[in-house]
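A structural walkthrough
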Amino acid sequence: MAQDMTLLWGSGSPPCWRVMIALEEKNLQGYNQKLLSFEKGEHKSPEVLDMNARGQLPSFKHGDVVVNESYAVCFYLESQFKSEGNQLIPDSPAEQALMYQRMFEGLSYEKLNAVIYYEWFVPEEERHDSALKRNREALATELKLWEGYLQKLSSGSHLAGQSFSLADVTVFPTVATLFRFGLSAERYPKLGEYHALLKERPGIKASWPPHWLENPEGQDALKDV
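What this report covers is the structure whose coordinates are included nearby. Please read these numbers as outputs of a predicted model, since none were measured by experiment. (Residues numbered from 1 in each chain as written. Predicted model: local features only at pLDDT ≥ 70, side-chain atom pairs only at ≥ 80, totals over all residues. Heavy atoms only, no water.)

1. Some words on the pattern of salt bridges
On inspection of all chains with the given rule, the structure shows eight salt bridges. Where Glu200 meets Lys205, a salt bridge forms, and the shortest distance between an N and an O atom there is 3.4 Å. Of the residues examined, Lys205 reaches a relative accessible area of 48% and is grouped as partly exposed. (Salt bridge = Lys/Arg side-chain N within 4 Å of Asp/Glu carboxyl O. Buried < 20%, exposed > 50% of the residue type's maximum accessible area, 1.4 Å probe, protein only.)

2. Brief notes about the packing of helix 4 (residues 93–105) against helix 8 (residues 166–180)
How two helices sit against one another is set out by the angle between their axes and by the gap between those axes. Their axes nearest at 8 Å, the elements helix 4 and helix 8 cross at an angle of 20°. Relative to helix 8, the element helix 4 lies roughly parallel. The two elements helix 4 and helix 8 cross, and the hand of that crossing is left-handed. In this structure, helix 4 uses Met99, Arg102 and Met103 to contact helix 8, whose residues at the interface are Leu166, Ala167, Thr170 and Val171. (Axes fitted to C-alpha atoms, helices over the stretch in contact; angles between N-to-C directions. Helix = DSSP H or I, 4+ residues; strand = E, 2+ residues; numbered from the N terminus. Parallel < 35°, antiparallel > 145°, perpendicular 65-115°, else oblique. Left-handed = near helix turned anticlockwise from the far one by under 90°. Contact = heavy atoms within 4.5 Å.)

3. Regarding the side chain of Asp168
On the secondary structure map, Asp168 appears in helix 8. Put simply, Asp168 is tucked away with no salt bridge, and the nearest opposite charge, on Arg201, sits 7.5 Å away. From its side chain, Asp168 meets the backbone nitrogen of Leu159 in a polar contact 3.0 Å long. (Lys, Arg positive; Asp, Glu negative; His and termini not counted. Polar contact = N/O pair within 3.5 Å; in protein donor to acceptor, adjacent residues only side chain to side chain.)

Encoded structure:
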């Protein structure tokens, strides 16, 4: 099955990591893969554009089927390989509803990029300290929401309850990125607990970004958020 799959990806990209976690969870190891460099602009190469007209990673192909958006790939894999590996959509209607809610709320974590990649996205002549301050405040507000969500669950829970689900597949890579960039587990203890729980999960450890393994220290851009 996996031999018919191809994944073009970038290390440390939450969208790419989501797909890799989903593949691990569905026991679909052994797929064809190619690690590309964002810094070198390889995501705009003809090889990627042939699969993904947007020139973005991940780019995923299964046989003749091309699926590029990371959430779409995760849904596709769970739908096509429902009986393989771990079930990623709960049977309980309540947990299923919460899973969908948290999955799509997870897109609000894009506020993270407006902080850690501010200088990357914004030309120097357009940068303002006040704008970065607003971005950091918006991220802090978002983090407090998620801290509150986790406080309502029992210790050791996943985002949609006791079962690991697509909510965790899609949101955890962003949570891991937050801590990679110095988020304080003392300031956000429930997020810290969630991060510590999931980073030991086999499918997540197996797909951990290779450049994070090479340089475990990370950065401190979010230490004061």
